[in-house]
Amino acid sequence: MNKSESIVEISKALAKFQKEVEQPLKDADNPFFKSKYVPLESVVESIHKVAPKHGLSFVQWALNDEQGRVGVATMLMHESGEYIEFDPVFMNAEKNTPQGAGSLITYLKRYSLSAV
């Protein structure tokens, strides 16, 4: 994890954000496991409803490691210029196709963002 020299302001903003953010609903179906899950769009929507008024934003990007695994890194930012960059999470795609990589990137974005 990398962070700005100070994280005082981002920490204050996160405390306020966490009091207000609502857990998104599990409203998407996973036919393989016959269960429901929270799609990435719902996670992002839940964050976008509250984060801006506390000066918070995020960015995520895809990358690969030396073993060819697909990864996603997440950076949380504050309007003060403070930031916290979280280590990327890497996994192998189930299928070695563009669709397999895209699906994994979406999955990793959803789980990384939810964890942050």
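Everything numeric in this text was worked out from a predicted model, so none of it was measured.

Draft legend 1. Summary view of the side chain of T74. Mapped onto the secondary structure, T74 falls in strand β5 (residues 70-78). Judged by its relative accessible area of 2%, T74 falls in the buried class. Setting aside anything within four residues of it in sequence, one finds T74 in contact with V59, Q60, I84, E85, F86, S112, L113 and V116.

Draft legend 2. Representation of the sheet that holds β5 in the model. Sheet architecture is open: 4 strands sit in the order β1-β6-β5-β4, paired in antiparallel fashion. The open sheet has two edge strands with one neighbour each: β1 (2-3) and β4 (56-64). Running at roughly 35° to β5, helix α3 (residues 98-115) makes contact with β4, β5 and β6 (83-91) of the sheet.

Draft legend 3. A look at the pairing of β4. Inspection of the sheet shows β4 paired to β5 by 9 bridges, in the antiparallel sense. Residue pairing for β5: N64 is matched across the bridge by V70. Hairpin connection from β4 to β5: 5 residues lie between these consecutive antiparallel strands, with G68 at a positive phi of about 85°.

Draft legend 4. Quick look at the environment of I7. One can find I7 in the loop between β1 and α1 (8-20). Assessed through its relative accessible area of 26%, I7 is described here as partly exposed. Separated by 70 residues in the primary sequence, I7 and M77 place their C-alpha atoms 9.9 Å from one another. Residues within four places of I7 in sequence aside, it is in contact with E82, Y83 and I84.

Draft legend 5. Examining the pairing of β5 more closely. For β5, the tally of buried residues reaches 8 of 9 residues, placing the bulk of the element in the interior. With 7 bridges joining them, β5 and β6 adopt antiparallel strand pairing. In the strand pairing of β6, M77 is matched with Y83. Connecting the antiparallel pair β5 and β6 is a turn made up of 4 residues, with G81 showing a positive phi of about 100°.

Draft legend 6. Just the side chain of S112, in detail. Inspection of the secondary structure assignment puts S112 in helix α3. Given a relative accessible area of 11%, S112 falls into the buried group. Non-local contacts of S112, meaning those with residues more than four positions away in its chain, are made with Q60, V72, T74 and V89.

Reading guide: rules and limits
Residues numbered from 1 in each chain as written. Predicted model: local features only at pLDDT ≥ 70, side-chain atom pairs only at ≥ 80, totals over all residues. Heavy atoms only, no water. Helix = DSSP H or I, 4+ residues; strand = E, 2+ residues; numbered from the N terminus. Buried < 20%, exposed > 50% of the residue type's maximum accessible area, 1.4 Å probe, protein only. Contact = heavy atoms within 4.5 Å. Pairing = 2+ DSSP bridges. Axes fitted to C-alpha atoms, helices over the stretch in contact; angles between N-to-C directions.

In short, geometric facts, not functional conclusions.
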